[in-house]
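Survey of secondary and tertiary structure
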There are 2 protein chains.
Amino acid sequence: MSTVQPAGTRTELTREMVQRALDAKTKPPGSLGRLESLALQLALLQRTTAPVVDRARVVVFGADHGVAAEGVSAYPAAVTAEMMRNFARGGAAVTVLARANGADVEVVDVGVDADLAGLDGIVHAKVRRGTRNLAAEPAMTHAELEAALLVGRGAARRAAQDGVRALGLGEMGIGNTTAAAALLSATTGDSPSATVGRGTGVSDATLEHKRAVVDRALRRHAAVLHDPAARFAALGGLELAAIAGAALEAARLGIAVIVDGFISTVAVLAAMYLDPHAPLRDAIVCAHRSAERGHGLALRALGAEPLLDLDMRLGEGSGAACAIPLVRSAARILTDMATFESAGVSGRVE
Amino acid sequence: MSTVQPAGTRTELTREMVQRALDAKTKPPGSLGRLESLALQLALLQRTTAPVVDRARVVVFGADHGVAAEGVSAYPAAVTAEMMRNFARGGAAVTVLARANGADVEVVDVGVDADLAGLDGIVHAKVRRGTRNLAAEPAMTHAELEAALLVGRGAARRAAQDGVRALGLGEMGIGNTTAAAALLSATTGDSPSATVGRGTGVSDATLEHKRAVVDRALRRHAAVLHDPAARFAALGGLELAAIAGAALEAARLGIAVIVDGFISTVAVLAAMYLDPHAPLRDAIVCAHRSAERGHGLALRALGAEPLLDLDMRLGEGSGAACAIPLVRSAARILTDMATFESAGVSGRVE
C-alpha cells in the first residue's frame, strides 16, 4: 500500500535500511568485516545509503607548550616551528602520507612560539605564542581555550565548504604528550604511570621526570580537575583545544572525524566532556592504535576500536592519513558494488 | 679516501644503508613502526633506497572445484562463473576496493567450469573446467598443476611489463576453502578441525561435513602427502596453483607480493615448499588477518604478521586491495620525506 508523503517530511534513514543495502551486495553477509560497520556509520552520518568520502583532508594544528621548559621531550622546542616549515613544504610524514593516500593537508598555526607570519601555505590563527607551563600555572585562560576551540571549528567549516567528507585531526607541538597525559589523567583518574609515555622517545630518566612533572601539575590544579573546561585550560594545549573544536564542528556538519593517535584521541575525549550532547560518537573513526603508552586508555575511555595497529607513534596526523583509504573504501562498498540482483549472481543454497 | 671502483661492479645495497636513509628522515627513529619495516623490505626488494610502488595491481584467478559436489559451500558452484562476469564489469568487492585504492585489476580464468570465451575484459587461460573431486581422486594431474603454475607466472610477467611494483593475489572459486584447508593440513600436519572454517558462511552441520570431507581426502591421499608437488596436485586447485606461480615469478622479478587471505596464504605457503630456494620470503607482504579459521595457522607457518586486521573473510583479493595504500605509503617515506638536514630541523637533545 503506497501512501502519500506530506511535503516537507523526509524518510528517516534507519540502520536496518543501510544493513539491507549492504546485504544485497555481491558478498556473503558481513564478510567485509569492519569495512561494513564503517560503511554503516558513514551512511548514517551522511543520512544516505550512498555515502561519499572522495574528498578527504588532514588538518595539522601546531602549537608550543610552556611545559617543554621542564625538559620533558627528546627534541628542543624549536622543532615545532621548524616542522611547521617542513609541513608547508610537504616534506613531513603527514604531508607525504596524506598525498600518498589522496588527502589534502591544511596546516594551522594555533599557537607556535615563533613568528611564522611570513610562512606561506599555512593558516595563521595564532592564539598566543605557546601555552604557559602547566606544572606551574594554568596553561591557558578560559578565553584562550575558547579562542583555540574556535580556530578548530573554523578548520572544520572550511573543510565542509571544500566538500571534505572525512577530516583527519593531527598536531605538532614539542611537549604535547606531557599535556595530553596530564589531561587524560585528569579526565579518567588514571595515574601518570599509566598515561605518561616516551613521546618522541625519551630516556628512562626523562620518562621518570616527565611523570613527576605531570604528577606535580595534577596536584597543583587538583581543585579544578572536576570541571571539563577548567581542566582543559589548566592542563591542555592550544592544538588540543583546536582539535576538540574541529571534532565538535565536523560532527555537527556530518563530516567523519578521523582521530589520529594519543594527542588527538585525548583531545576528542576532552571534547566529549566539554559538550556531552554533541553527536561526536557517531562521527568519530579512530585511525590507529599508537605505540604511545596511554593511548589504549584513551581509546577505552572513548569506547573506540581503531582501524589500524601498525606500531606507529609519530603523531602529526600520520595515522589518520593512513586510515583514509579504508574510510573511502568503506563508502565505495555502498556506492559502487553490484547487488546479487543487478549482477545476476545466485544466492545462498543453505 | 676515494677509491676507483672497477667497471661492472655494483655497490650492494645493505640493510644498514636503508636504515640510515630512514633514520635521516624528519621523525623520531622508528616512529612510523610497521611502515618503516615495510619501506626497508621494499628498498631491499627493489635494490634502491628510493623504492616506488605507484603502479599496483590485484590479480584474481578464478577456478572451480570438483569437491563442491560434496556440498561444502553455502553458495552453488555456478557463482564462480557469475562472479567472473561481476569482476569483468567492475561490480565485485575486489574491483571496487582496488579502484578505491589506486590499483588495477586483472581477472584470469584459469579453470572456471563454464564457457567464458565470450567474456571481454578477462584473461582466458583455462587449464581445465574445474578440478576433480579431491575427496575421491587427485584434484589435478601433475601436468595440470604445472600448467596452472605457468598461468600464474604469466600474470606476474605481464605485471612486470606494465610497471607494476606491488601485486595482490586473489581468487574466486566456490569450494576453495575446502581445498585450501586440505592442502594446509597436508603441509603443516594440523587436523581439519583446525584448518577447516566456515568459508562463505556455512552452517554448523555443513562445517562438520566439510571437516569430514577434508579428513577423507587426507586419508585417501596419505601416501603422497610428503611430496609438495604431489599434495598440491592431489588437494589444491587451479587458482591456488596460479597464485603460487604468480608469487614465485613476482618474487623473482622483485615485485612485492601482496598476499590476501586464507586461500592466498595457503597457496603462497605451498609455493615455498614447491621451490624452497625462491626468494619468496623477501617479497611477500601479508595484507590482512582473515576471520576464516585456519588463516592464523597459515600465517604462522609462513612466519608472517599481516598489516590489517579488519575481520574480513571475503577473499577475491579484497584484503590485498585494502593493504596497497600502506605499501605505497611505506615507499613514499623513503622517496618523499625530507631529512633533518634538508629541512633544517633540529635533532635530539638527549
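Residues numbered from 1 in each chain as written. Chains lettered and ligands numbered in written order. Predicted model: local features only at pLDDT ≥ 70, side-chain atom pairs only at ≥ 80, totals over all residues. Heavy atoms only, no water.

So, about the interface of chain B and chain A. Each partner contributes to the interface: chain B provides 61 residues, whereas chain A provides 61 residues. Roughly 4,800 Å² is buried in total at the junction of chain B and chain A, and carbon and sulfur atoms are behind 59% of that figure. In terms of surface lost to chain A, no three residues of chain B exceed Tyr75, Leu310 and Glu350 of chain B, which account for 13% of the buried area on that side. Counting across the chain B and chain A interface gives two salt bridges. For the salt bridge of Arg99 of chain B with Asp336 of chain A, the shortest nitrogen-to-oxygen distance reads 3.5 Å. Here chain B is connected to chain A by 28 residue pairs in polar contact (both at pLDDT 80 or more). Secondary structure elements with two or more residues in the side of chain B that touches chain A: helix H2 (34-46), helix H3 (78-89), helix H4 (93-100), helix H14 (318-336) and helix H15 (340-343) of chain B. (Contact = heavy atoms within 4.5 Å. Buried area = accessible area lost by both parts, 1.4 Å probe. Salt bridge = Lys/Arg side-chain N within 4 Å of Asp/Glu carboxyl O. Polar contact = N/O pair within 3.5 Å; in protein donor to acceptor, adjacent residues only side chain to side chain. Helix = DSSP H or I, 4+ residues; strand = E, 2+ residues; numbered from the N terminus.)

It is worth spelling out the side chain of Glu36 of chain B at this point. Residue and element names in this part refer to chain B. Counting through the fold element by element, Glu36 comes out in helix H2. Of the residues examined, Glu36 reaches a relative accessible area of 5% and is grouped as buried. Setting aside anything within four residues of it in sequence, one finds Glu36 in contact with Leu22, Lys27, Pro28, Pro29, Gly30 and Ser31. (Buried < 20%, exposed > 50% of the residue type's maximum accessible area, 1.4 Å probe, protein only.)

Turning to the confidence of the model for chain A, a few remarks are in order. In low-pLDDT segments, the atomic positions of the prediction should not be examined closely. All names here are of chain A. For chain A, per-residue confidence averages 96 on the pLDDT scale, and residues scoring 70 or more make up 97% of the total. Scored below 50 in pLDDT, residues 1-9 shows two contacts in the model against residues more than four places distant or in partner chains. Per the prediction output, this complex has pTM 0.96; the corresponding ipTM is 0.95. (pLDDT = per-residue confidence, 0-100.)

Quick look at the packing of aromatic side chains now. The geometry of two aromatic rings is summed up by the distance between their centres and the angle between their planes. Under the counting rule described, the total for this entry stands at two aromatic pairs over all chains. A centroid spacing of 6.3 Å and a plane angle of 5 degrees characterise the contact between Tyr75 of chain A and Phe340 of chain B, whose relative ring orientation is stacked. Of this pair, Tyr75 of chain A sits in the loop between strand S1 (56-63) and helix H3 (78-89) while Phe340 of chain B sits in helix H15, placing the two residues on different chains. Each member of the pair, Tyr75 of chain A as well as Phe340 of chain B, carries the same accessibility label: buried. The side chain of Arg231 of chain A reaches across the aromatic face of Tyr273 of chain A, ending 5.0 Å from its centre. (Phe/Tyr/Trp six-rings, centres within 6.5 Å; stacked < 30°, edge-to-face > 60°. Lys NZ or Arg CZ within 6 Å of the ring centre and 35° of its normal.)

Before going further, it helps to spend a moment on the sheet that holds strand S4 (residues 166-172) of chain A. Residue and element names in this part refer to chain A. On the basis of which strands lie adjacent, the open sheet formed by six strands has the order S3-S2-S1-S4-S5-S6 and parallel pairing. Only two strands of the sheet have a single partner each, and these edge strands are strand S3 (123-124) and strand S6 (284-286). Across three bridges, the pairing between strand S5 (residues 256-259) and S6 is parallel. Counterpart to Val257 in the pairing with S6 is Ile284. Packing of helix H10 (residues 238-252) onto the sheet brings it into contact with S1, strand S2 (103-111), S4 and S5, and relative to S4 it is tilted by some 175 degrees. (Pairing = 2+ DSSP bridges. Axes fitted to C-alpha atoms, helices over the stretch in contact; angles between N-to-C directions.)

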